[in-house]
Amino acid sequence: MPSEPAMPPVLTGEQVLRGLRWALPTSVVALLLIGIARTVASQPSASHLAVVMTVALLFIGVYALGLRLERRRPAVWLAAVTALWAVLLVLELTFTWLAFPLFFLHMHLLRIRHALLSVAVLTGAVVLAQWFSLGRAELPALLGPVLGAGFAVVVALAYQGLYAENRAQQAALEELRKTREQLSVSQRRAGALAEREHMARDIHDTLAQGFSSVVLLARSATASLTSADYRTSAKQIDVIRSTASENLEEARRFVRALQSGREDGQPLADSLRRACHMVETDAAARGEALRCRLVISGSPVSLAVPHGVALLRTAQASLSNVVQHAEATTAVITVSYTEDQVMLDIVDDGIGFDRTAESVASPRADGTGFGLRSARERLEALGGEFHVESAHGEGTAVSIRLPLNGNAGE
């Protein structure tokens, strides 16, 4: 197949503007040199040539000075350059062509009305100079300067439009850059907040509950020592050591997750059995008899780490509420697997509560009440559903439905 022809390079607006800026002073110098050369070629008198050279040098000096000083007083500078050109025009008609770059200067430095008026005056001066030199009025002497002035006006207006468009593009690009920086900062902040929220959930659902158990067991052990019940104290201290060890392992999991950037996945059933054991231990430390059972229904499937963590944390938060508030004797965790979802139900036979009086997912000022709210947020982020049913004297049931679409193996 024949190859497509290469596209010619396209100049940007900034490149065009830069070229026009250089073209104007270059044309001034070139036209001035042409005028001097033609003057010398006409073999004028020495005095006349000296006057022409002096004015020409003054012209180029003033012009260069204005460019150097970035035209701090543009009106004065423009008037001086135009006056020196008028003197050159009177001395030698060959400097007529310098009017063309002067048209651009007037269009660039003056307001549009004043610029058009000054261009008309300069054009009239050129026409009169040519008619005076020829000794008669001729159409070419009129059309040439008029067409040149018209072309200069059109090009100058096009330059101004291009310049304005380029400035607008630069402003838009700068605004876009600032917006992207602000967006980047917002995304970093949002990521940091999300990570803090994630860590707060994990700390609440694991370490905080573990430390709560340690505190309760320590109180019980202290009471047993006071009553000289050393055997009970020894058992409670052994449970404290076991609970502290599990908390230490949880803390190490957090460190590994932060270092590797991913969660530490474990079989859900094993984690739930450990949660059941811990809740029974917590209840025993309170002097309560709570039995926790785990029931698996259906064929277990491998869960993506976020799904498994969400289910485990929800179960831990729910069981913590059972121990602290429900006054229950039995808690049952049921995990049911279907083709497209996994269901987790935590049911207790406790005293229940009135759901219309207080939200079950409302954190309190002391930092408690955070668990079920974080569980709801985890599950909803994964497309799951979270429901709580309870009434006074009828226990509490927490129900979770989580789709299995997109799960990866643990």
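Described in the following lines is the structure provided in the data block. (Residues numbered from 1 in each chain as written. Predicted model: local features only at pLDDT ≥ 70, side-chain atom pairs only at ≥ 80, totals over all residues. Heavy atoms only, no water.)

## Some thoughts on the pairing of strand β2 (residues 330–337)
Turning to step 1, where the next piece is worked out: Counting buried positions over the eight residues of β2 gives six, a clear majority of the element.
Turning to step 2, where the next piece is worked out: Strand direction decides the pairing type here: strand β1 (residues 291–297) and β2, joined by seven bridges, are parallel. Among the inter-strand pairings, R293 is bridged to a residue of β2, identified as V332.
Turning to step 3, where the next piece is worked out: Between β1 and its parallel partner β2, the chain crosses via helix α9 (residues 305–326), and the hand of that crossover is left-handed. (Buried < 20%, exposed > 50% of the residue type's maximum accessible area, 1.4 Å probe, protein only. Helix = DSSP H or I, 4+ residues; strand = E, 2+ residues; numbered from the N terminus. Pairing = 2+ DSSP bridges. Right-handed = clockwise from strand over helix to strand, strands pointing away.)

## Regarding the packing of helix α3 (residues 74–91) against helix α5 (residues 112–134)
Turning to step 1, where the next piece is worked out: Running from amino to carboxyl end, α3 crosses α5 at an angle of 10°, the nearest separation of the two axes being 11 Å. Looking at the two axes, α3 sits roughly parallel to α5. Contacts from T82, W85 and L89 in α3 reach L122, A125, V126 and A129 in α5. (Axes fitted to C-alpha atoms, helices over the stretch in contact; angles between N-to-C directions. Parallel < 35°, antiparallel > 145°, perpendicular 65-115°, else oblique. Contact = heavy atoms within 4.5 Å.)

## Here's the deal with unusual backbone geometry
Turning to step 1, where the next piece is worked out: A positive phi angle, near 55°, is found at Q43, a position not held by glycine.
Turning to step 2, where the next piece is worked out: Residue placement: Q43 occurs in the loop between α1 (13–41) and α2 (46–68).
Turning to step 3, where the next piece is worked out: For Q43, a relative accessible area of 69% puts it in the exposed group.
Turning to step 4, where the next piece is worked out: The phi dihedral of E327 falls on the positive side, at around 55°, and the residue is not glycine.

## Some details on the pattern of salt bridges
Turning to step 1, where the next piece is worked out: Overall, the coordinates contain four salt bridges when judged by the stated rule.
Turning to step 2, where the next piece is worked out: A salt bridge links R177 to E174, with the nearest nitrogen and oxygen atoms 2.3 Å apart. With R177 and E174 both in helix α6 (residues 139–226), this residue pair falls three residues apart, about one helical turn.
Turning to step 3, where the next piece is worked out: The salt bridge involving R273 is made with D270; its shortest N-O contact spans 3.3 Å. Residue R273 and its partner D270 are both found in helix α8 (residues 268–285); the two are separated by three residues, about one turn of the helix.
Turning to step 4, where the next piece is worked out: Of the residues examined, R273 reaches a relative accessible area of 47% and is grouped as partly exposed.
Turning to step 5, where the next piece is worked out: Several salt bridges share partner residues, and in doing so they unite E174, R177 and E181 into one network. (Salt bridge = Lys/Arg side-chain N within 4 Å of Asp/Glu carboxyl O.)

## Thoughts on α3
Turning to step 1, where the next piece is worked out: With 18 residues, α3 ought to run about 26 Å at 1.5 Å a step, and its terminal C-alpha atoms sit 26 Å apart, in line with that.
Turning to step 2, where the next piece is worked out: Every buried residue of α3 is accounted for by W77, L78, V81, T82, L84, W85, L88 and L89. Looking straight down α3, one finds its buried side chains confined to an arc of 160°; they lie on one side. Turned more than 90 degrees from where α3 packs its buried face, A75 and V90 sit exposed. (Expected span 1.5 Å × (residues − 1). Arc of directions from axis to C-beta.)

## Quick word on the environment of V305
Turning to step 1, where the next piece is worked out: Tracing the backbone through its elements, the reader meets V305 in helix α9.
Turning to step 2, where the next piece is worked out: For V305, a relative accessible area of 22% puts it in the partly exposed group.

## Some points on the nonpolar core
Turning to step 1, where the next piece is worked out: Counting 35 residues, the largest nonpolar core has I333 and L344 as its most contacted members.
Turning to step 2, where the next piece is worked out: Where this core is concerned, the elements lending two or more residues are α8, α9, β2, β3 (341–348), α10 (371–381), β4 (385–390) and β5 (396–403).
Turning to step 3, where the next piece is worked out: In terms of residues, this core owes the most to one element, α9, which gives nine residues.
Turning to step 4, where the next piece is worked out: In contact with I333, not counting residues within four places along its chain, are L272, C276, C292, R293, L294, V295, L319, L344, D345 and I346. (Core = buried A, V, L, I, M, F, W, Y, C linked by side-chain atoms within 4.5 Å.)

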